[in-house]
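Take a look at the letters that make up each chain.
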Amino acid sequence: MFSIESSPKAAQQGEMVSNMIEPTYSRLVSHICRKVFSEQSPVMPLVVEQLRKRRVFLQPLFAGVGDGTIRATQLNTALQCEIELVVSKVMSQCDMPRHELIRHTNKTLFELARQAI
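The notes below deal with the structure included here.

Calculation criteria
Residues numbered from 1 in each chain as written. Predicted model: local features only at pLDDT ≥ 70, side-chain atom pairs only at ≥ 80, totals over all residues. Heavy atoms only, no water. Axes fitted to C-alpha atoms, helices over the stretch in contact; angles between N-to-C directions. Helix = DSSP H or I, 4+ residues; strand = E, 2+ residues; numbered from the N terminus. Parallel < 35°, antiparallel > 145°, perpendicular 65-115°, else oblique. Left-handed = near helix turned anticlockwise from the far one by under 90°. Contact = heavy atoms within 4.5 Å. Nonpolar A, V, L, I, M, F, W, Y, C, P; charged D, E, K, R; others polar.

In helix packing, the relevant descriptors are the interaxial angle and the interaxial distance, both defined with respect to the helix axes. The interhelical angle for the contact between helix α5 (residues 72–91) and helix α6 (residues 98–116), taken along N-to-C directions, is 135°, at an axis separation of 9 Å. If you check the angle between α5 and α6, you find them oblique. When you trace α5 past α6, the crossing you get is right-handed. Along the contact surface, α5 presents N76, L79, Q80, E82, I83, E84, V86, V87, V90 and M91, while α6 presents R98, L101, I102, T105, N106, L109, F110 and A113. Residues that form the contact of α5 with α6 fall into these classes: eleven nonpolar, four polar and three charged.

It is at 5 Å that the axes of helix α3 (residues 44–53) and helix α4 (residues 55–67) come closest, and there the two elements cross at 65°. Contacts between α3 and α4 pair L51, R52 and K53 from the former with R55, V56 and L58 from the latter. Its residues assigned to classes, the contact of α3 with α4 shows three nonpolar, no polar and three charged.

In structure tokens form, the structure reads like this:
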């Protein structure tokens, strides 16, 4: 498997987007969710909240891809797990069909990864 710890190389590159501070990360998550979900969607704030909570795991993952310690296939696997986690937590609070929530969350998380890396 792979380690989600930030490598020393990532720590040296303090300018990496994947090491964003909380307000910057939160704004990016909100911006991407507004593009993927409709503004009036009751699901959007739930997904935003879950992705904000997962920041501690996602940022080292993005940094690992940026510095080469995590391969793209490993990122894909990890993001699929994250999508399932977010969907499972949001499904209990909304009435959106599961397949639609998965599709929107997938698009949101992969766009977040693209912009963070």
